[in-house]
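# Examination of the molecular architecture
Listed below are the residues making up each chain.
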Amino acid sequence: MKITVFGSGYVGLVQAAVLAEVGHDVVCMDVDEKKVELLRQGHVSIYEPGLSSLVREGMDGGRLHFTTDEKLAVEHGRVAFIAVGTPSCADGSADLKYVMSVGEAVARHRQLPLILVEKSTVPVGTGDKLRAHIDAALGGRELRIDIVSNPEFLKEGSAVADCRRPDRIVIGCEGEDVRDVMRDLYSPFNRNHDRIMFMDLRSAELTKYAANCMLATKISFINQIAELAEHLGADIESVRQGIGADTRIGYHFIYPGCGYGGSCFPKDMRALIHSAEQAHCSSDLLQAVEAINERQKHKLFERIKAFYQGDLRGKTFAVWGLAFKPNTDDMRDAPSRVLLESLWAAGASVRAFDPEAMQETQHLYPDEEKLMLMGTPESVLSGADALIICTEWQQFKAPDFELIQQRLKAPVIFDGRNLYDAERLSRKGFKYFPIGRGDSCQLPVAPGQPRRTTAAA
């Protein structure tokens, strides 16, 4: 099938490459000439395991093409996917100008019927707005455009695998003929068992937001319980295992930490809150989830500041992990950014390492004199006052603690991802501060604040 994908960002590029892999003839269009030229040369600017080789294989096989020519792109596909950005506006709503610009291009150049698929995460009702926008741009010219919502459920770090073997394929559309085309398009991914879920357009649009906000809710819930565990002298790791064993809850997304980030959860949470406000509907739970997460992003800095009695001037901190999660270079809304900027504002310097996000960090902070990016996790340790862990990369999970102890000025670790055994580190002489692990963590207290009385005390 001839397929067009508008947008060569994270979602669009993965979708285009995987569709080409199974035999579809895919044209991926982007307005960024530099990016398109790099892609034509086989250079993928985002880090995602397996994506670069998949893109090259698609191009070598003649099934994947990149262009800046909107007319060519509009005319190519029987089905066209919209995978452009929908960034947050100041009021939290999703900015749909790029989505609507695709509609305008379709109205300008398309002569034959088209199935236009929303792959971008868009608010409920966007499909109807897009249809009206295209009709207005057509200026009375008759042209059948079927709008479909087919949200992506990709996880950064495993997006290629998720796209190849999706949990479910949600399709919101009208008309049996449109269903047949979409079923045919996805047939290579639907052989083991039927993963396709057909529904109406608005329900599909809401499904995407509901899924992301549910996952964000689980993260904020466990972080709220972790805070309670600290006050009550309980160990959140034991609590996590205890509740995760209940199959109604499960273990996924109940790992306490320094907050969620990335391109999806924060943006989608804000957009759904805004949609609720526009619909005159309460969003109390969603607002609480967002507030807990924002508070959680400051927790590492607050602990560091308390430990050093409020004076961080002249101190240097080693930071492991900058990306918002492992197996990506994405730093959008990453907890590490809140930490770094707070440390710099307090007069501290940072020596940091991340396996993939170094270039993105340099791009974000090109002139920051208090930031030094190092080539290995070990090299950031020398002369640092403490080690801080922001991202749970695999290579950080079993480090040489003797080496860490030798290189740091003092054996102090602030762990935003609960990677290590607190008792083991205590025996080795470390002062170790994870998230939600009660008295065993020797939690510092901010100057002027009374020390917490816990159940253990």
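Since the structure is predicted, the reported quantities are computational estimates derived from the model, not experimental observations. (Residues numbered from 1 in each chain as written. Predicted model: local features only at pLDDT ≥ 70, side-chain atom pairs only at ≥ 80, totals over all residues. Heavy atoms only, no water.)

Here we come to the sheet that holds strand S12 (residues 386-389). What the 6 strands build is an open sheet, ordered S11-S10-S9-S12-S13-S14; its pairing is parallel. A single partner strand is all that each edge strand has here, and the edge strands are strand S11 (371-373) and strand S14 (431-433). Neighbour to neighbour, the strand axes of the sheet diverge by 20 degrees on average, direction disregarded. Relative to S11, strand S10 (residues 349-353) runs parallel, the two sharing 3 bridges. By the bridge assignment, Arg 351 is partnered in S11 with Met 372. Across the face of the sheet, helix H13 (residues 299-307) comes into contact with strand S9 (316-320), S12, strand S13 (412-415) and S14 while running at roughly 155 degrees to S13. (Pairing = 2+ DSSP bridges. Helix = DSSP H or I, 4+ residues; strand = E, 2+ residues; numbered from the N terminus. Axes fitted to C-alpha atoms, helices over the stretch in contact; angles between N-to-C directions. Contact = heavy atoms within 4.5 Å.)

Where helix H9 (residues 201-232) contacts helix H12 (residues 284-297), the two axes come as close as 9 Å, and the packing angle between them is 55 degrees. Classed by the angle they form, the pair H9 and H12 counts as oblique. As H9 packs across H12, the resulting crossing turns out to be left-handed. Where H9 abuts H12, its residues Cys 213, Ala 216, Thr 217, Ser 220, Asn 223, Gln 224 and Glu 227 lie against Leu 286, Val 289, Ile 292, Asn 293, Arg 295 and Gln 296. Residue composition of the contact of H9 with H12, grouped by class: 5 nonpolar, 6 polar and 2 charged. (Parallel < 35°, antiparallel > 145°, perpendicular 65-115°, else oblique. Left-handed = near helix turned anticlockwise from the far one by under 90°. Nonpolar A, V, L, I, M, F, W, Y, C, P; charged D, E, K, R; others polar.)

This paragraph deals with the nonpolar core. Judged by nonpolar contacts, the single largest core of 51 residues is most densely connected at Leu 343 and Ile 388. By size, the runner-up hydrophobic cluster in this structure holds 41 residues, among which are Leu 64, Phe 66, Val 178 and Tyr 186. (Core = buried A, V, L, I, M, F, W, Y, C linked by side-chain atoms within 4.5 Å. Buried < 20%, exposed > 50% of the residue type's maximum accessible area, 1.4 Å probe, protein only.)

Relative to each other, helix H5 (residues 97-109) and helix H6 (residues 126-138) sit at 35 degrees, their axes nearing to 9 Å. Crossing hand, H5 versus H6: right-handed. Mapping the contact onto sequence places Val 99, Met 100, Gly 103, Glu 104 and Ala 107 in H5 and Thr 126, Lys 129, Leu 130, His 133, Ile 134, Ala 137 and Leu 138 in H6. Considering only residue class, the contact of H5 with H6 consists of 7 nonpolar, 3 polar and 2 charged.

On to unusual backbone geometry. Look at Phe 253: it is not a glycine, yet its phi comes out positive at around 65 degrees. Within the secondary structure layout, Phe 253 lies in the loop between helix H10 (236-244) and helix H11 (265-278).

For the rest of this paragraph, the subject is the confidence of the model for the chain. With 96% of its residues at a pLDDT of at least 70, the chain reaches an overall mean of 94. Segment residues 450-457 is flagged for pLDDT under 50; beyond a separation of four residues in sequence, or across chains, it makes 16 contacts in the model. (pLDDT = per-residue confidence, 0-100.)

Next up on the list: the environment of Ala 288. Locating Ala 288 in the fold gives a position in helix H12. Judged by its relative accessible area of 33%, Ala 288 falls in the partly exposed class. Separated by 71 residues in sequence, Ala 288 and Thr 217 have C-alpha atoms that sit 8.9 Å apart.

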